[in-house]
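Structural overview for review
What follows is each chain in one-letter form.
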Amino acid sequence: MNSPFIICVDDDATILDSLKIELEAAFGDECSLEMAEGGNEALEVLSELLQDECEVAVIIADYIMRDMKGDELLKRSHEMSPKTRTIMLTGQADISGVANAINYAKLYRYMAKPWQAEDLRLTVGEALQSYFQEKELAEKNAQLLHLNRALQQANSEQAALIGQLAEAEQKLKSYSRTLETQVAERTEALRRSEAQLNAFFSSAPVGLCVADRQMRFRQINEVLAQLGGLSAEEHIGKPIREVLPDLAPALEPLYQQALTARVPVLNVEVSGEVASQPGVRRYWLVSCFPIPDSDERPSSVGAVVMEISDRKQVELALQERESMLRSLGDRLPKGFIYQLVQEPSGRIYFSYISAGVERLFGIAPETVMQEPALLYAPLVEQDRLLLQQLLADSGRTLTGFEMQLRKRTERGDLQWLQLRCAPRRLPDWGTVWDGIEIDITELKKTEVELAAAKEAAEAANTAKSQFLANMSHELRTPLNAILGFTQVMSADTSLSAQNHQQLKIINGAGSHLLELINDILEMSKIEAGKSPLHESSFDLIALLDTLKEMLQLKAQAKGLQLIFEPDKSLPQFVRSDEGKLRQVLINILGNAIKFTEEGCVTLRVRVGKGAPGSEQKNQSPIHNPKSKIQNPQYPIIFEISDTGPGIALEEMDKLFECFAQTETGWKSQQGTGLGLPISRKFVQLMGGDIAVSSAVGRGTTFSFDIQVTLTDATEIQALLPGRNILHLAPNQPQYRILAVDDRAESRLLIAHILTSAGFQVQEAENGKEAVELWQSWEPHLILMDMRMPVMDGYEATKQIKSHLKGEPAAIIALTASAFEEDRAAILSAGCDDFIRKPFQKELLLEKIGQHLGGLYIYEEESSQTKAGKPNTETISPPADLSLHLAQMSPEWVEEVNQAAWYGSDDIILQLLESIPPEHAPLAEALAVLANNFEFEKIIKLLNN
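Just so we're clear, the structure is a prediction, and the values are computed from it rather than from any experiment. Along each chain, residue indices are assigned from 1 in the same order as the chain's sequence is written. With the structure being a predicted model, the display of local features is reserved for residues of pLDDT at least 70 and the display and counting of side-chain atom pairs for 80 or more, all residues being used for whole-chain, interface and lining totals. To get the side-chain values, all heavy atoms of the structure are used, and hydrogens and water are removed first.

Observations concerning the pairing of strand S15 (residues 431-439)
Note the threshold: For two strands to count as paired, DSSP must find a minimum of two bridges between them. A run of DSSP states H or I qualifies as a helix once it reaches four residues; a run of E qualifies as a strand once it reaches two. Both are numbered from the N-terminal end.
Where strand S11 (residues 335-342) and S15 come together, 8 bridges link them in antiparallel fashion. Paired with Phe336 across the strands is Glu437, a residue of S15. Both strand S14 (residues 414-425) and S15 contribute to a ladder of 9 bridges, which runs antiparallel. Considered in S15, the bridge of Gln418 is made with Ile438. Count of turn residues in the S14/S15 antiparallel hairpin: 5 residues, of which Trp429 carries a positive phi of about 70°.

Structure below.
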């Protein structure tokens, strides 16, 4: 006869392999093994074995499997093969499953995962032994029945069978003794099984109990006993209502239902308070199952109580969050939130969509969830296709995206929607997008309006720039004539002293007006964003020294002490906009000296936090100044304090307002009210800002910071003095120069300067006349004003430069523009050079000489100092200007010095007009430097 079979069932192939190895090693000689990966397969194997009349001694089944739970499998297996011993193998102690297996599958034993090899061998061995014993007992019972039949036959044949009856009786006794032994062994096995069940009962991580029909505890484990605040022994005999009064109303109906219906009541949620933790609501899952007595009627009820308080709190929090999100989604005035799901099969649907979708699309949320395509139909086709592509990419890469969608309303209007969503992967490998969609039509309209407003603002800014250019031309052009003719007339020795004094007054008033115009235009350039930084390398220590020397005279004249306190760690060579820094320092220090009557004015300079040397005061911050990587920008902080009258708190806001002055400023009747606003803009351009603190009667402190880059002395240029031009040298060609300007006074000034220097000059009022004169007269050089009626200088220059007639004349642009970028426009139009109005005679002649190659006669300083008049036959430059400077007043020197610090070539040139003829070399040298914007050289020349 074939050996009996052991069937092992588990949906984990690894578990099956382990069982097979251990069981073959232990019982391979006496039993055959069959493996099944699930309940359905196990039932098929069992059915085939039974059809082949094979014995199935033991079935070992996992409790939790994908297709069928272990208790259900064992129940169906027991129905097919009642004599087969069943063993449940599981990693979860589910008492309901164990109970079902005991009640309906005659569960022989329960084993927990992971098992011990010895425990597995003993358990399966005992199950086989039990099976064989029952089989043997059945066989003996069959034999006994057979003997009984034989005995009955023997009774009818008493005489013949007395001997056989005696033998049969002997055998029966022997069988009885064997049966008693088997019963004793079975009893012991049941005792051991009960002990194991009790051990499981007491060590289970969930609450377990048994109650009788009167709802009194018969058995309870410690886990459940803790709820009542008593020990497990103290619970025995007490009714549920006495121990758990708050939970009894919920528990008793479950117990009664299990008793009455004789079916389990599974996973009912119960909540309440218990004695061990009053005031705290806790949650449990309760399962009840009837326990039958010998007459198959339930005499008691078993219960499994699993606490789910933590999970419930999370669940309630999630429900609250979901409720909040749904509430927010339903209340979105112009939008909705949604969850879009894509299953692994590719099916797409909305698992949730808020009520706002009906306001935007006119479709109820329930309808959209049933037919999601309705939501995409109104979209513009291009946007719909892009959305599909983005969804596909997002589902593949699990990255969120946002986009703007367009849809057509029923009236045909275009409606804009903003969509945002974020994907996440589901356990079944599907994808869900959490998203929001908002109507941004009004926002788009606002964007269009803002774009139009921006365009209008840009147009207004362009118009403002054009207006400023016109203002620059209209203001500086007449000033050019005023200051130019005062210069010419001042050289006329036939004028009386009174006339010279009047000319000096006119020149001073014109210079003041020019300063005011320069400030206004400078502020306008700043506001128009057309005042860029002009960075260069310079000596910061030398700048401070010369600044102190320049202002010292003014401070001493008022009896003030001027104190400069540069920090020892201050870098010497830096790169920034020296001109703007100089103008800011002169402005603030000048104001401090101007408004302080007694005491002192102090300038402190130090490196800011984070700069090299800011922590070490005795070391230079420069380590490798040529390395831009190692020398990034660092802050330099300037503080200017005075002991003046101070500024009232209510006037602090006026300090940086254009044309606004404090009471002290008005009383002084000096300035334009633009100095501090310009200074603040300059400081901001240099990467910092200005702050001010003041106390009335005690003084004021201005502080500002700028960003500088460290450099070295190799980038600092040397000073070279210039020369003063008298007229053309002999034997020069007859140079023809065309002066083009719409203002008669400007043409008159240019003609006077050029004819005095020996040039032939003709005039034109506009560009059209200039082109005609150029064609007929063929000048060597043209001085072209750029703003004129009929035809401006730009068009005239283009026509002349584009003509095929011979070599075009050199063209020098004359402009009163205040904007530096106009220089590039002028040069791009074809002009060869650029002179800004008001200009000086020397600059004009120097430019003409450069482009024509002409030679000039220069004044000689030695003949000046000896004879008091120029030697027109000498071309050599002056050797030393110190004698001439010594003859000028300290006030004049201070004014020129201050103008150089401000970077104002116009003011310097006007101040040079007051130099007496005997000191013309000084005027010539300073004019050349001013015309070439060599302000640093002027400052050094004056202070040396």
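Alright, that's what it looks like, and here's the rest.
Examining unusual backbone geometry
Quick note on the threshold: Three labels apply to residues, based on accessible area from a 1.4 Å probe with only protein chains included: buried if under 20% of the type maximum, exposed if over 50%, partly exposed otherwise in between.
That bond from Lys113 to Pro114 is cis: its omega, -10°, falls within 30 degrees of zero. For Pro114, the location among the structural elements is in the loop between strand S5 (107-112) and helix H5 (117-156). You will see that Leu398, though not glycine, has its phi angle at about 55°, which is positive. Note that Leu398 resides in the loop between helix H15 (381-397) and strand S13 (401-408). Among the residues examined, Leu398 registers a relative accessible area of 35% and is labelled partly exposed. A positive phi angle, near 55°, is found at Glu778, a position not held by glycine. Considering the arrangement of structural elements, one finds Glu778 in the loop between helix H23 (767-777) and strand S26 (781-785).

Re a negative patch on the surface
The criterion, for reference: What makes a patch is a set of residues exposed beyond 30% relative accessible area and free of salt bridges, joined within 9 Å when like-charged and within 5 Å when nonpolar (Val, Leu, Ile, Met, Phe, Trp, Tyr). Residue burial considers only the protein chains on display, and all accessible areas are found by Shrake-Rupley using a 1.4 Å probe. Every case where a carboxyl oxygen of Asp or Glu lies within 4 Å of a side-chain nitrogen of Lys or Arg is listed as a salt bridge. We score Asp and Glu as negative and Lys and Arg as positive, and we do not count His or the chain ends. Each charge is placed at NZ for Lys, CZ for Arg, CG for Asp and CD for Glu.
On the surface, Asp12, Asp17, Glu37, Glu41, Glu44, Glu48, Asp52 and Glu53 cluster together to form a negatively charged patch. Per-element accounting of the negative patch gives the leading share, 3 residues, to helix H2 (residues 39-51). Summarising the element assignment, Glu44 is placed in helix H2.

Things to note about the environment of Glu578
Within the secondary structure, Glu578 is located in helix H19 (residues 578-595). Separated by 35 residues in the primary sequence, Glu578 and Leu543 place their C-alpha atoms 8.7 Å from one another.

Some remarks on the packing of aromatic side chains
Basically, it comes down to this: Here a Phe, Tyr or Trp ring, Trp counted by its six-membered ring, pairs with any other such ring whose centre lies within 6.5 Å, and the pair is stacked when the planes are under 30 degrees apart, edge-to-face when over 60, and tilted otherwise. Definition used: whenever NZ (Lys) or CZ (Arg) falls within 6 Å of the ring centre and also within 35 degrees of the ring normal, the charge is taken to sit over that ring.
The full count for this structure, using the stated rule, is 6 aromatic pairs. Centre to centre, the rings of Phe336 and Phe361 are 6.2 Å apart; their planes meet at 75°, and the pair counts as edge-to-face. With Phe336 in strand S11 and Phe361 in helix H12 (residues 356-361), this residue pair connects regions lying 25 residues apart in the sequence. No difference in accessibility class separates Phe336 from Phe361, as the two residues are buried. With centroids separated by 5.8 Å and ring planes inclined at 90°, the aromatic side chains of Tyr338 and Phe350 adopt a geometry described as edge-to-face. Separated by 12 residues along the polypeptide, Tyr338 in strand S11 and Phe350 in strand S12 (residues 348-353) bring together distant segments of the chain. Accessibility expressed as a relative area gives 7% for Tyr338, which makes it buried. A relative accessible area of 3% means that Phe350 is categorised as buried. Clustering of aromatic rings is evident, with ring pairs tying together Phe336, Tyr338, Phe350 and Phe361. Between the NZ or CZ atom of Lys444 and the centre of the ring of Trp416, over which it lies, the distance is 4.3 Å.

Regarding the pattern of salt bridges
On inspection of all chains with the given rule, the structure shows 32 salt bridges. A salt bridge links Glu745 to Arg743; its shortest N-O distance comes to 3.6 Å. Residue Arg743 is classed as buried on the basis of its relative accessible area of 19%.

Section: the sheet that holds strand S4 (residues 85-90)
Selection criterion: To obtain an axis, a line is fitted to C-alpha atoms, over the contacting stretch when the element is a helix, and the angle between two such axes runs from 0 to 180 degrees between their N-to-C directions. Whether two residues touch is decided by their heavy atoms; if any such pair falls within 4.5 Å, the residues are in contact.
Ordered in space as S2-S1-S3-S4-S5, the 5 strands form an open sheet in which the pairing is parallel. A single partner strand is all that each edge strand has here, and the edge strands are strand S2 (32-36) and S5. The average undirected angle you get between the axes of adjacent strands in this sheet is 20°. Pairing of S4 with S5, which is carried by 5 bridges, proceeds in the parallel orientation. Across the sheet, residue Met88 finds its bridge partner in S5, namely Tyr110. Contacting strand S1 (5-9), S2 and strand S3 (56-62), H2 crosses the sheet at an angle of about 165° to S1.

A closer look at the nonpolar core
Operational definition: Take the buried residues of types Ala, Val, Leu, Ile, Met, Phe, Trp, Tyr and Cys, join any two whose side-chain atoms come within 4.5 Å, and each joined set is a nonpolar core.
Among the nonpolar cores identified, the biggest contains 70 residues, and Leu585, Phe704, Trp892 and Ile938 are the most heavily contacted of them. Looking at this core element by element, the count peaks at 8 residues for H19. Those residues within four positions of Leu585 in sequence are excluded, and the remaining contacts are Leu543, Leu544, Leu547, Gly590, Leu603, Phe638, Ile640 and Phe704. Core analysis: the next-biggest nonpolar cluster, separate from the first, contains 28 residues, Met215, Leu227, Val286 and Val305 among them.

As for helix H3 (residues 70-80)
What counts, and what does not: The arc refers to the directions leading from the helix axis to the C-beta atoms.
When we look at burial in H3, the residues that qualify are Gly70, Asp71, Leu73, Leu74, Ser77 and His78. For H3, the arc enclosing every buried residue in end-on projection is 155°, short of the 170-degree limit, so these residues lie on one face.

A closer look at the environment of His884
Checked against the element boundaries, His884 lands in helix H28 (residues 882-886). In this structure His884 comes out as buried when scored by relative accessible area, which is 1%. C-alpha separation for the pair His884 and Pro916, spaced 32 residues apart in sequence, amounts to 9.9 Å.

Here we look at the side chain of Ser300
Position of Ser300 among the secondary structure elements: in strand S10 (residues 298-307). Judged by relative accessible area, which is 2%, Ser300 ranks as buried. Residues in contact with Ser300, not counting those within four places in the same chain, are Val210, Ala211, Asp212, Arg218, Leu259, Phe289, Pro290 and Ile291.

As for the sheet that holds strand S9 (residues 277-292)
Strands pair in a sheet through their backbones, by hydrogen bonds, and they do so in one of two ways: parallel or antiparallel. Strand order in this open sheet of 5 strands is S7-S6-S10-S9-S8, and the pairing throughout is antiparallel. Edge positions in the sheet fall to strand S7 (217-220) and strand S8 (265-274), since each has one partner strand and no second. Strand-to-strand, the axes of this sheet are offset by a mean angle of 25°, without reference to chain direction. Pairing of S9 with S10 involves 9 bridges; the strand directions are antiparallel. Paired with Ile291 across the bridge in S10 is Ser300.

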